[in-house]
Each structure stands twice: as structure tokens, then as C-alpha cells.
Amino acid sequence: MDDRYAFREIEARWQTYWEENRTFATPDDSDKPKFYTLEMFPYPSGAGLSVGHGKNYLPNDAFCRYKAMQGFNVLHPMGWDAFGQPAENEAIKRGRNPREMVPEYAANYRRTLKRLGASYDWSREVNSSTPDYYRWTQWFFLLLYKRGLAYRSTAPINWCPSCKTGLANEEVKEGRCWRCDSAVEKRPLPQWYFNILQYADRLLADLDLVNWPEGTKQMQREWIGRSEGAEVNFAVNGSTESIRVFTTRPDTLWGATFLVLAPEHPLVAEVTTPEQAEAVEAYVQRAAATADMDRLNAERSKSGVPTGATALNPVTGQDIPIWIADYVLMGYGTGAIMAVPAHDQRDFEFARKFDLPIELVYSTPEGPQTGGEMTEAAPHDGVMREFTPSPMSQAPKSPFAGRPNSKETVRDVVRWMAEQGIVEQKVNFKLRDWLISRQRYWGAPIPMVHCPECGEVPVPEGQLPVLLPEVDRYEPSGTGESPLATIEEFVNTSCPKCGSDARRETDTMGGFACSSWYFLRFVDPHNSTEFASREKLDKWLPVDLYTGGAEHAVMHLLYARFWTKVMYDAGLLGFVEPFTQLRHQGSLLAYTPGRKPRGSEADGDTVLDWIVLKPEERAGFPKDQIAWRWTRMSKSKGNVVSPDEMCEQFGADSLRLYEMFVAPFEDNVQWSEDGIHGAHRFINRAWRWIVRALPQYSAKWRSSSASYNDADKKIRRKLHQTIIKVGEDLEGFRFNTAISALMELVNDLYLYRPLDGGGAQTPAVLSEAAETLTLLLAPFTPHMADELWSRMGHKGTTYTAAWPVGDTQVAAEDEVTLVVQVNGKVRDRITVASDASEEAIKQLALDCEKVREALEGKTVRQVIVVPKRLVNVVAA
């Protein structure tokens with residue numbers, strides 16, 4: 001009998017069936033409870049998807065199928081994050097036009113996802129680079145502009161010399177471009193920003209409303225970086241200027257012995273003396289070429305130069321020198337700090353290096369040290385050389401002498417200083433406004449016009465979309481202007497306000513603008529009069545479950561929350577958080593070549609300062625300079641494995657099962673084909689057992705009145721235990737342990753009914769087992785499950801079948817084994833009936849020979865029974 005699982009034939013047949021019958025199309029008018037789930041939609045920036053994408057898409061697809069079988073009306077759409085750097089960089093690399101390449105890549109992605117058995121409603125597909133989509137991206141820009149949340153400003157920005165465009169702070173990772181890994185520079189340019197800072201407090205507070213990983217919430221909290229403090233003015237001697245400083249510890253102002261300005265601070269040129277001008281200018285140029293992450297590196301040697309100027313400390317009346325140093329950034333606070341070297345590690349190191357004074361504000365009292373929040377420079381031979389934690393109280397020089405280092409002291413000092421007019425209380429954020437301008441072609445044009453008479457003028461909504469012109473050449477210029485600036489027919493227009501000659505804005509929006517609202521469009525993707533109807537938004541939103549990479553914690557996830565709150569305030573939405581629950585998948589890692597670190601040491605698979613060698617770089621690179629490591633599978637790294645190859649060799653169901661079984665959803669895992677062989681063997685093993693059982697199968701097994709023998713009872717117990725286990729594991733996104741439970745069940749089924757048909761099975765039990773196993777496998781191996789479902793004579797697919805319900809009474813064990821302890825030490829084990837009384841269990845435990853030996857000469861004080869776990873005898 002040929003009972004092999006013919007996956008090529010079966011998978012192709014069911015994929016065709018699902019498409020022709022629109023199995024996964026979601027009705028808007030269903031009475032079923034809604035369940036809206038999404039995976040972060042992909043960039044079509046490579047010729048095809050990798051098996052790495054499956055680490056996210058396949059488990060969530062299994063969960064969607066499970067929810068549909070539970071009776072939910074599941075909305076599970078897919079689309080393409082098609083605008084932006086990833087797609088344009090790929091087009092440049094291939095020498096192609098993104099207008100032609102992106103639809104081709106998207107079509108291939110769609111084909112691959114269908115081949116993997118993904119249950120998407122393709123009638124809702126969106127593409128962020130089509131005019132019917134980016135019309136509404138531009139509409140949202142105008143909404144932000146009208147609400148005072150979009151503005152244009154000239155400032156030093158993050159500039160990627162390879163991508164030749166500006167980057168938001170969130171797109172700079174350890175001083176490098178998020179997409180191409182090039183070192184980022186600073187360049188002053190006029191740019192458009194979104195005022196996300198206005199929503200900083202709400203973005204923080206509303207994190208309490210969502211079921212997200214705590215690590216992701218903390219990443220957003222730290223990125224937003226709210227801190228309460230005060231601003232202090234230091235008058236510059238010999239000048240009308242003053243330097244404004246933000247500090248969270250104004251109580252240490254008595255220890256401020258110098259000021260440090262960021263090299264980019266606008267007052268640097270004003271306060272620098274002629275004698276120091278050359279040195280200061282040279283330092284400013286060096287700092288401009290240093291990445292912010294390098295400047296903030298605590299391990300890096302401190303550098304700086306004096307400006308020659310001094311300022312007045314407002315509480316001590318002393319003149320203190322003004323320096324510039326690159327460890328101070330313009331992006332946080334005021335771009336200037338008061339240096340308190342006795343109570344700050346960086347300031348202390350700087351003061352020691354340049355022989356600047358160190359003044360204690362808090363002194364260490366006599367007596368044992370019990371720890372403290374601050375650190376102080378500890379005197380050694382009269383010289384402060386290092387920091388030690390200590391309890392502290394204010395030194396005699398301040399009006400608060402003797403007060404402890406505490407929040408109450410800080411609060412009282414701030415209040416006193418505010419009354420004296422020395423400080424102004426202030427809340428500050430690390431978060432910067434969102435830089436949205438890109439000097440690139442492939443993006444949504446910013447719908448603004450520059451008029452010599454009227455200034456900035458928004459394009460009227462009735463003229464949207466501002467179409468991206470078709471061009472032959474689109475490569476970024478690198479001059480700071482978008483390629484659109486060279487297209488006269490695009491640039492030259494008339495002012496919507498006065499009719500005069502005007503120029504269009506030539507920057508485009510970064511791709512994260514498109515992804516900040518796509519989850520709204522899916523509920524009404526063909527609406528031509530509004531981005532989505534309020535009725536459908538209220539029906540489907542917010543998203544119940546969102547899955548994607550943690551790398552987007554302070555980019556896409558933060559931006560989408562911001563846009564949602566703006567739309568809520570505008571009365572467009574009835575909710576303030578877009579994603580109720582969030583889960584992050586781990587990555588599939590590929591063994592990847594990279595250049596050996598320069599000036600660093602390689603330690604096994606962990607390589608410091610290691611950079612991926614892209615495919616085009618590998619051929620001519622010296623082999624002795626290549627180091628291999630496991631790193632995330634990514635198209636941009638050229639280390640992907642194609643799912644088509646795996647599907648052709650093992651089948652889509654085998655790949656699905658492997659990716660869900662190999663590791664927990666949130667864990668990283670090294671890619672290996674060996675695991676797919678194991679998944680393929682299990683699928684064939686399950687298939688053979690069910691196929692061999694089909695001749696005895698009856699769909700009417702529930703109405704059978706047959707009595708059960710011991711073997712029947714045992715397999716039904718395992719079956720219902722598995723139903724409960726798989727359901728609980730799916731709810732917890734524990735796909736690997738759910739599959740492990742199914743493997744155990746299949747092993748037991750082979751014992752119950754070997755392939756040769758031996759054993760004493762009751763037909764009703766055999767039917768129940770075959771049908772239940774098929775349904776339990778359906779979320780993981782849907783092609784095989786639907787084929788078996790059909791062979792059982794059922795109509796339709798498992799997608800609309802009812803999920804099995806576990807019977808806890810059937811699942812209950814007849815007997816349980818308990819550990820017996822005497823005074824906490826294990827002495828024996830006993831097996832008792834699962835319904836045995838506590839008194840019976842106690843007596844059995846005390847009757848154990850080993851327990852009696854341990855109790856010899858002792859009096860039993862108490863016997864404690866922990867149900868289904870242990871018995872502990874307390875004796876003395």
C-alpha cells in the first residue's frame with residue numbers, strides 16, 4: 001500500500017482550492033466575534049522572501065487558523081511597505097526602476113506566501129507606493145500640518161553618505177544607517193519634521209494600556225527619556241549672552257566648576273575668544289565627523305578644548321570656564337551642561353584629564369556606609385581619583401548644609417532656587433521630533449508648495465495625490481536635494497493660495513510615514529473617498545494581535561502610536577492605541593562572512609566591530625580577513641535561504657512545522673536543514689497512521705454507544721490531554737511545545753493501532769482519534785489536514801471546522817505518583833488513585849517502609865499533602 005504523503009500534488013491542489021473558493025476572504029457583516037491580526041508588512045526589497053520571514057509569518061498564520069476554527073471572524077491581510085530606502089537601494093543595486101521592480105517583487109512575495117499556505121485575505125492587499133494609497137499618506141501629512149504638528153526647519157541632521165539622504169534619529173543604529181550600515185555623518189539641511197514631542201507624555205502613559213513585552217515598553221520609555229529638572233542661566237562674563245543649562249540635579253549647582261557646550265551649540269562662535277578661535281574651529285570640525293553613538297561611548301577617552309570665556313555660577317558667585325566637548329550633544333536638553341565633577345562620572349574624568357577643579361556638594365558622614373543614589377569623588381591624599389557609592393549630606397557651603405541626598409532635598413532645593421529666580425522648573429525629553437524628509441525619489445511627495453509671496457502653502461486636499469513623476473534616472477544626488485528637484489515640470493507650479501509662480505517641495509516622506517497607518521487601510525482598502533469608513537474602523541480596530549521584530553520598537557511602533565493619537569484627537573478614530581497585543585519573533589540566523597574586526601579581538605562566534613560582507617564584496621576580499629559568524633538572515637546581508645527550495649524538496653507543511661518546532665517563537669535559532677528532515681518524517685508518520693485508519697473511520701463516532709476497553713480509555717485520555725495542551729500552548733504562542741505534544745500523541749497512537757492493524761481498537765475511538773489529530777494538525781500543516789479532512793468525507797476545509805474541545809474528565813489520570821518527603825527530604829514515591837482522599841494518601845505515605853525508617857525515634861507533628869505533587873511528613 002502506497003501511503004506516502006505526496007506533498008507536491010496535495011499542496012498544489014489545496015492552494016488552488018483556497019484561492020478559487022476565497023477560503024480566507026473576510027466578510028465585514030459576520031455576526032462572529034472579530035479577531036484582527038497582522039504581521040508587520042514586508043519591504044519588497046529583494047527578489048524573494050527568505051525562510052527567515054517564516055519565523056514570523058508562519059506561526060501567526062497557524063494562530064489565525066486556530067482562531068478561525070474557534071469561531072472567530074478572522075481578518076488577516078497582507079500588503080507591501082513598498083516606498084522608501086530598502087526598495088530604492090535594491091533598485092539602484094540592480095540597475096532597475098523601482099516602479100517596475102517593486103510590483104514584480106511584490107508578485108513574487110505573494111506567490112511564495114501562497115505556496116507556504118498562508119491564510120491571507122488577498123482581496124485587501126495594499127501597496128504603499130500606489131497613488132490610491134499614498135494619496136492618503138499625503139492627506140495625513142496635511143492633517144498633521146493643519147494641527148501644527150508638521151514644520152520645516154534647518155538643523156544638523158543625520159546624513160547617510162551611501163544612501164545620500166537624511167535619517168531620523170531612530171534610523172541610526174550605533175552610529176550607522178539602519179539600512180546600509182554606513183557610518184552616519186552630520187549635515188545642516190532644511191528638513192520637514194513631525195512634532196512627536198508634543199505627544200511624549202501620552203506616549204509614555206499609554207504604554208500601560210497595551211499588552212506588549214515589557215522589554216519593548218521599556219525601550220520606548222528610555223527612548224522618550226522623560227526627566228524632571230530645572231533650567232539654569234549662566235551669564236557669560238563680558239557679554240550680554242547667557243548659557244541656559246538643563247539639569248536633573250540643580251541641588252549640585254554649588255559643585256558646578258565649569259560649563260561644557262556641544263560643539264554644534266550656536267553660542268560657541270559668540271563666546272570663543274580670538275586666542276582660542278583656531279583650536280575651537282578645528283575641534284568643531286572633528287566632532288562633526290564623529291557619530292553620536294561614538295561621542296556618547298562611556299569607554300571613550302574624553303576630549304575637549306576651552307573657549308577662553310568664563311561664566312558666572314549663580315549660587316557661588318565664582319567665575320567658571322566654558323569648554324566645548326563632543327560628549328555633549330545638541331539633541332538633548334539645551335546642548336550645554338553644568339559640569340559637577342564631584343558627582344558625575346563623565347565630568348569627573350574630564351576634570352581630571354584637564355586639571356579642572358572638583359568641589360564636593362555632598363559629603364560623607366562618619367559611620368558605616370549604607371549605600372546611596374549618587375556617587376562622590378573619594379579623596380586620596382587630598383586628590384579625588386575615583387568614585388564610590390556613599391550616603392551623603394549637603395556640605396556646609398550650601399544653605400541646605402546637613403540635608404541628606406534624597407528626593408525631598410532635591411525638591412526643596414529646586415523650590416528655593418525657583419523662589420530666588422535662579423532656576424526654572426522644567427520637564428525634558430531625550431526624544432527628538434521625527435525627521436520625515438528624505439532626499440530620495442522613491443517616496444510619497446510631500447504635499448507642500450513654496451511661494452515667494454505666501455511662504456509654505458499646503459496642497460489642497462482636492463488636488464491629492466501629488467503624483468510621483470515617472471523618470472528614467474532617479475539616483476540620489478548627494479547634494480542635499482532630492483532628484484525631484486531637477487524635474488522642472490514637477491517642480492514648477494502655481495501657488496494654491498495666490499496663483500503666483502511657485503515651486504513644489506521636492507523632498508519625499510520616509511517610508512515609516514506609510515507604515516504608520518497601513519493597519520487602518522486594510523479594513524477598507526478600496527475606499528476612494530476616505531482612508532477608511534468610520535463604521536469599519538470602529539468594527540475592526542484596534543488590532544488584536546500584532547507580530548514583528550523588536551528592532552522596530554523605537555521606529556515603526558512609536559510612529560504608529562503617535563499617528564493614532566493624532567487621529568484620535570482629530571475625531572477620526574475611537575481608540576488611542578493601535579495594537580492591543582504585541583509579540584516579537586526571534587530571528588533565523590545564517591552563518592555569514594564578514595570582515596575581521598580592525599583593532600579588535602574575535603572571541604569564538606562573538607566578533608567585535610564585525611561588518612557583513614555583502615555578496616558583491618566577497619569575491620575579491622582577502623580570505624584571511626574574513627570572519628564567519630551567525631547573524632540574522634536578511635536580504636541586505638545576502639545570507640538568505642529561499643523557501644521555494646525548501647518547499648520543493650520537503651513541502652510547505654514540513655517547512656511550516658520545522659519553523660514552529662525548532663525553537664520558541666521569541667527565540668533566535670541557527671538555520672539548519674537537518675531539522676526539516678525531522679519535520680518531514682513526522683508529517684509522513686502522522687499521515688500514514690491516519691490514512692491506514694480511514695477504512696474504519698466513521699464521521700458518526702460521537703453517536704456511538706460502544707463501551708471502551710482499557711486501551712480505548714488510555715488513548716482517549718492522551719487524546720484529550722493533547723487537545724487541552726495544544727490549545728493552551730497556542731494561546732501562549734508556544735508552538736514548539738504544542739507540536740511536541742502532537743508528536744507524543746502520534747507515538748501513542750502507533751501503540752494503540754500499529755500500521756499492521758493489530759490491537760483491539762473500538763471503531764468509534766479510532767475515528768475520534770483520526771479526526772481529532774487531523775484538526776489539531778490543521779494550524780501547522782494545513783495542506784495535509786485539508787486533504788485528510790476531504791478523504792474523511794467532510795465538505796469544505798479545516799479552516800471552517802470546529803476546533804476540538806478537550807474533556808477534562810476524560811483527560812484526568814486514573815492514578816498519580818506523589819513524592820513522599822520527611823522534613824523536606826525525599827524518602828519515597830507512592831502511586832495513588834487520582835480521586836483518593838487526603839486521609840488515604842497520608843496513611844499510604846506513613847506506611848512506606850522508607851518513611852517508617854526515617855521516622856524511627858521521632859514523633860510525627862504534621863502530614864502535609866500537596867495535591868498531585870507530594871506528601872511532606874514533619875517530625876521531631
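Residues numbered from 1 in each chain as written. Predicted model: local features only at pLDDT ≥ 70, side-chain atom pairs only at ≥ 80, totals over all residues. Heavy atoms only, no water.

Caption draft 1: Looking closely at the sheet that holds strand β29 (residues 582-584). Judged by pairing direction, the sheet is parallel, and its 4 strands sit side by side in the order β2-β1-β28-β29 without closing on themselves. Lying at the two open borders of the sheet, with one neighbouring strand each, are β2 (73-75) and β29. The average angle at which neighbouring strand axes cross in this sheet is 20°, direction not considered. When strand β28 (residues 545-548) meets β29, the two strands line up parallel, connected through 3 bridges. Across the sheet, residue Y546 finds its bridge partner in β29, namely L582. Sheet contacts for helix α2 (residues 54-69): β1 (34-39), β2 and β28; angle to β1, the most-contacted strand, approximately 170°. (Pairing = 2+ DSSP bridges. Helix = DSSP H or I, 4+ residues; strand = E, 2+ residues; numbered from the N terminus. Axes fitted to C-alpha atoms, helices over the stretch in contact; angles between N-to-C directions. Contact = heavy atoms within 4.5 Å.)

Caption draft 2: Representation of the packing of helix α23 (residues 735-752) against helix α24 (residues 763-777). The contact between α23 and α24 brings their axes to 12 Å, and the two run at 160°. Comparing their axes, α24 and α23 come out roughly antiparallel. The interaxial crossing formed by α23 with α24 has left-handed handedness. Note on element contacts: α24 touches α23 through V765, L766, A769, L773, L776 and L777, opposite L742, L745, V746, L749 and Y752. Among the residues making up the contact of α23 with α24, the classes are represented as 11 nonpolar, no polar and no charged. (Parallel < 35°, antiparallel > 145°, perpendicular 65-115°, else oblique. Left-handed = near helix turned anticlockwise from the far one by under 90°. Nonpolar A, V, L, I, M, F, W, Y, C, P; charged D, E, K, R; others polar.)

Caption draft 3: Unusual backbone geometry, seen in detail. For the bond running from L464 to P465, omega is 0°, close enough to zero to count as cis. Note that the residue after L541, namely P542, is joined by a cis bond; omega there is 0°. Tracing the chain through its elements places P542 in the loop between α16 (534-540) and β28. One non-glycine residue, D355, lies in the positive phi region at around 55°. Among the structural elements, D355 can be located in the loop between α11 (345-354) and β16 (362-363). Unusually for a residue other than glycine, N823 sits at a positive phi of about 50°.

Caption draft 4: A look at helix α1 (residues 7-20). A rise of 1.5 Å per residue sets the reference length of α1, with its 14 residues, at 20 Å; its end C-alpha atoms lie 20 Å apart and thus fit the reference within 8%. On its buried face, α1 is in contact with α2, α4 (98-115), α19 (643-650), α20 (652-661), α21 (674-693) and α25 (782-791). One or two positions beyond α1, positive phi appears at R22, with a value near 50°. (Expected span 1.5 Å × (residues − 1).)

Caption draft 5: Here's a closer look at empty space enclosed by the protein. Summed over the entire model, instances satisfying the criterion amount to 2 cavities of 30 Å³ or more. Looking at the largest cavity, its volume works out to about 120 Å³. Taken together, 17 residues make up the lining of the largest cavity; nearest its centre are G84, Q85, P86, G510 and G511. Elements with a contribution of two residues or more to the lining of the largest cavity: α3 (85-94), β27 (508-509) and α14 (511-514). When grouped by side-chain class, the residues that make up the lining of the largest cavity number 7 nonpolar, 5 polar and 5 charged. There is about 30 Å³ of room inside the second largest cavity. Around the second largest cavity, the lining residues are K55, P59, E659, M660, A663, P664, F665 and F735. Elements with a contribution of two residues or more to the lining of the second largest cavity: α2 and α20. (1 Å grid on protein atoms, 1.4 Å probe; cavity = no way out; pocket = protein on both sides within 12 Å on 5 of 7 lines; lining within 4 Å. Points joined across faces, edges and corners; volume = space filled by probe spheres on them.)

Caption draft 6: Looking closely at the packing of aromatic side chains. For the coordinates displayed, the defined rule picks out 53 aromatic pairs. Here the aromatic rings of F258 and F350 are separated by 5.7 Å at their centres, their planes lie at 25°, and the arrangement is stacked. Highlighted residues: F258 in strand β12 (residues 258-261) and F350 in helix α11, separated in sequence by 92 residues. Take F350: its relative accessible area is 0%, and that puts it in the buried class. Ring plane angle 75° and centroid distance 5.6 Å describe the contact between Y518 and F522, whose orientation is recorded as edge-to-face. Its guanidinium or amino end placed over the ring of F35, K67 lies 5.4 Å from that ring's centre, counting from NZ or CZ. Taking the ring centre of W212 as reference, the NZ or CZ of R561 above it sits at 5.9 Å. (Phe/Tyr/Trp six-rings, centres within 6.5 Å; stacked < 30°, edge-to-face > 60°. Buried < 20%, exposed > 50% of the residue type's maximum accessible area, 1.4 Å probe, protein only. Lys NZ or Arg CZ within 6 Å of the ring centre and 35° of its normal.)

Caption draft 7: Up close: the pattern of salt bridges. On inspection of all chains with the given rule, the structure shows 49 salt bridges. One salt bridge connects R244 with E231, and the closest N-O pair in it is separated by 2.4 Å. One end of the pair, R244, is in strand β11 (residues 242-247); the other, E231, is in strand β10 (residues 227-235), with 13 residues separating them in the sequence. By relative accessible area, which is 10% here, E231 ends up buried. (Salt bridge = Lys/Arg side-chain N within 4 Å of Asp/Glu carboxyl O.)

Caption draft 8: Seen up close, the state of the cysteines. Per the stated rule, a full pass over the model turns up 0 disulfides. Not part of a disulfide, C514 finds its nearest cysteine sulfur in C163, a span of 17 Å. (Disulfide = S-S within 2.5 Å.)

Caption draft 9: Layout of the pairing of strand β30 (residues 588-595). Taking burial as the measure, the 8 residues of β30 include 7 buried ones, the bulk of the element. Inspection of the sheet shows β30 paired to strand β35 (residues 669-670) by 2 bridges, in the parallel sense. Its bridge partner lying in β35, L589 is registered against Q670.

Caption draft 10: Region of the structure containing the environment of Q862. Structurally, Q862 can be placed in strand β38 (residues 860-866). By relative accessible area, Q862 is classed as partly exposed at 45%. Considering only alpha carbons, one finds Q862 and A876, 14 residues apart in sequence, at a separation of 9.9 Å. The residues touching Q862, leaving out its near neighbours within four places in the chain, are N872, V873 and V874.

Caption draft 11: Up close: the nonpolar core. Core analysis: the biggest nonpolar cluster contains 113 residues, and Y36, W434, F519, L520, F531, L541 and W563 have the highest contact counts within it. The element contributing the most residues to this core is helix α5 (residues 131-146), with 9 residues. With residues up to four places along the chain from it excluded, the contact list for F531 reads W136, W139, F140, W517, L520, R521, D524, L537, M567 and L572. Core analysis: the second largest hydrophobic core is formed by 83 residues, L545, Y658, W687 and A769 among them. (Core = buried A, V, L, I, M, F, W, Y, C linked by side-chain atoms within 4.5 Å.)

Caption draft 12: How the structure looks around the side chain of K217. Position of K217 among the secondary structure elements: in helix α7 (residues 214-224). A distance of 3.2 Å separates a polar atom in the side chain of K217 from the backbone oxygen of V210. The contact partners of K217, leaving out residues within four places of it in the chain, are L207, V210 and W212. (Polar contact = N/O pair within 3.5 Å; in protein donor to acceptor, adjacent residues only side chain to side chain.)

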